[in-house]
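Tertiary structure, described
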Amino acid sequence: MSVSVTHVVEENDSSGKDRKVILEVKNLKVYYATPTGEVRAVDNVSFKVYQGEIVGLVGESGCGKTTTAMAILRLVQPPGRIVGGEILLDGINLATLQGPDLRAVRWDRLALIPQGAMNSLNPVMRISKQIADAIETHQGRMPSKELKERIISLLSTVGLPSRVYNMFPHELSGGMKQRACIAMAIALNPSLVIADEPTSALDVVVQRVVGETLLDVKDRLGVSMIIIGHDMGLMAQLVDRLAVMYAGRMVEISPVGTVFEEPLHPYTQLLIESIPSIKERKPLKLTEGITHDLRNPPPGCIFQLRCPHVHDKCLSVDPPLAEVRPNHHVACHLYYE
Ligand SMILES: Nc1ncnc2c1ncn2[C@@H]1O[C@H](COP(=O)(O)OP(=O)(O)OP(=O)(O)O)[C@@H](O)[C@H]1O
Ligand SMILES: [Mg+2]
């Protein structure tokens, strides 16, 4: 492959240890062209993912989570396009890669578990064949004994018994199907797995099992992950750092414990206050106001229409995402000098 490594960084992660940066997204912009103007689905988003960590990406529906994931994989479809920014994976800028180089990086180093993945398993093909196809399409034919051992080992990594090898999708429960999708995603030993709402179609018990499977895979393989989701409870258990998006922007990113204890951005505060609690029986806090039109963002802060702390500066100056506490980044005027 003729790509050059431009940017490999060792630096402190959330735990203060030196860790390799696997993914660095810098000033990413993805817009969708519509007859009434460009929808700024992802607007100037920057964040990093370190080796062996899980970053949770949260935010209300339509804030740009899936678009961010698709851009990292270079799978944004027209009328969408990457308008600007860099996507550095293991130091290689995916935003400018083309043709065979892009395909090689995408399948060798990145894996996607798309929204609703388990429903896209081929119903008339055994699980073994589906995983074998994923491996052989990208790594070429291999001796059948070796291939079978590898598939059974992958199934075992995601906690599935070897009998699943010969089964069809309809013979598996929802949680087992989702785990088969995880096995398929890790089949090529990627550096980064992106899972878009991997547990949203499952009941709470199975959600836990799938969540534990993802954690286990991360620990065993040392793979990095981005998990997109809405369930803040599950995020609290699964992820190392939480990244919060609002209307196409990254508004806060920090170790998950810190953000739950002391959320800084007013949107994150509302998000965490709205988690229902049986013990406290607090009234549901609704976020009042409307999200602005993504085709026509206002000058200043994007959260100004809903923010309980809005002041003059917020109406004119766009707050940058800045590290206001160690490892805690926020885009809000309340915290700058
Ligand atoms: N093909 C498209 N054409 C125009 N706008 C689009 C298109 N796809 C997405 N968008 C817009 O881009 C924005 C971000 O969408 P995206 O699917 O990334 O959100 P999301 O955070 O993943 O939402 P959800 O939680 O509902 O999955 C939304 O406002 C959406 O309406
Ligand atoms: Mg989505």
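Residues numbered from 1 in each chain as written. Chains lettered and ligands numbered in written order. Predicted model: local features only at pLDDT ≥ 70, side-chain atom pairs only at ≥ 80, totals over all residues.

Notes on unusual backbone geometry
Using the following cut-off: Numbered from the N terminus, helices here are DSSP runs of H or I no shorter than four residues, and strands are runs of E no shorter than two. Any residue with 12 or fewer other C-beta atoms within 10 Å of its own C-beta is exposed, any with 20 or more is buried, and the rest are partly exposed; the C-beta atoms used are placed from the backbone.
With an omega of 10°, the peptide bond between P78 and P79 qualifies as cis. Mapped onto the elements of the fold, P79 is located in the loop between α1 (65-72) and β5 (80-89). The phi dihedral of A247 falls on the positive side, at around 45°, and the residue is not glycine. Positionally, A247 belongs in the loop between β10 (241-246) and β11 (249-255). Its 23 C-beta neighbours within 10 Å are what place A247 among the buried residues.

Remarks on the confidence of the model for the chain
Inclusion rule: Values of pLDDT, ranging from 0 to 100, describe the predictor's confidence in every residue of the model. Contact between two residues is assigned whenever their backbone-derived C-beta positions fall within 7 Å.
Confidence in the prediction for the chain averages 90 pLDDT; 91% of positions are at 70 or higher. Note that pLDDT drops below 50 for residues 1-10; the model gives that stretch 17 contacts with residues more than four away or on any other chain.

Focus: the packing of helix α5 (residues 174-185) against helix α6 (residues 204-221)
Selection criterion: For helices, the axis comes from a line fit to the C-alpha atoms of the stretch in contact; other axes are also lines fit to C-alpha atoms, and the angle between any two N-to-C directions lies between 0 and 180 degrees. Comment on the angle field: the value is read as roughly parallel under 35 degrees, roughly antiparallel over 145, roughly perpendicular from 65 to 115, and oblique elsewhere. A clockwise turn of the near helix away from the far one marks a right-handed crossing, whereas an anticlockwise turn of less than a right angle marks a left-handed crossing. Here the nonpolar group is Ala, Val, Leu, Ile, Met, Phe, Trp, Tyr, Cys and Pro; Asp, Glu, Lys and Arg are the charged ones; every other residue, Gly included, is treated as polar.
Interaxial distance between α5 and α6 falls to 9 Å at its minimum, and their mutual angle equals 20°. Accordingly, the angle class assigned to the pair α5 and α6 is roughly parallel. When the axes of α5 and α6 are compared, the crossing they make is right-handed. Where α5 approaches α6, its residues G174, G175, Q178, R179 and I182 are matched on the opposing element by V206, V209, V210, T213, L214 and V217. Tallied by class, residues from the contact of α5 with α6 come to 6 nonpolar, 4 polar and 1 charged.

Describing the environment of S162
Inspection of the secondary structure assignment puts S162 in the loop between α4 (144-157) and α5. Residue class for S162 comes out partly exposed when judged on the 13 C-beta atoms lying within 10 Å of it. For the pair S162 and I131, spaced 31 residues apart in sequence, the C-alpha to C-alpha distance is 13 Å. Dropping the residues within four chain positions of it, S162 is found in contact with I152 and L155.

Quick notes on α5
Test applied: Given the number of residues in a helix, its expected span is that number minus one, multiplied by 1.5 Å.
Taking 1.5 Å per residue, 12 residues should reach 16 Å; α5 reaches 17 Å between its end C-alpha atoms and fits that length. A large share of α5 lies buried, amounting to 11 of its 12 residues. Buried within α5 are the following residues: G175, M176, K177, Q178, R179, A180, C181, I182, A183, M184 and A185. The secondary structure elements touched by the buried residues of α5 are β7 (110-113), α3 (127-139), α4, β8 (192-196) and α6.

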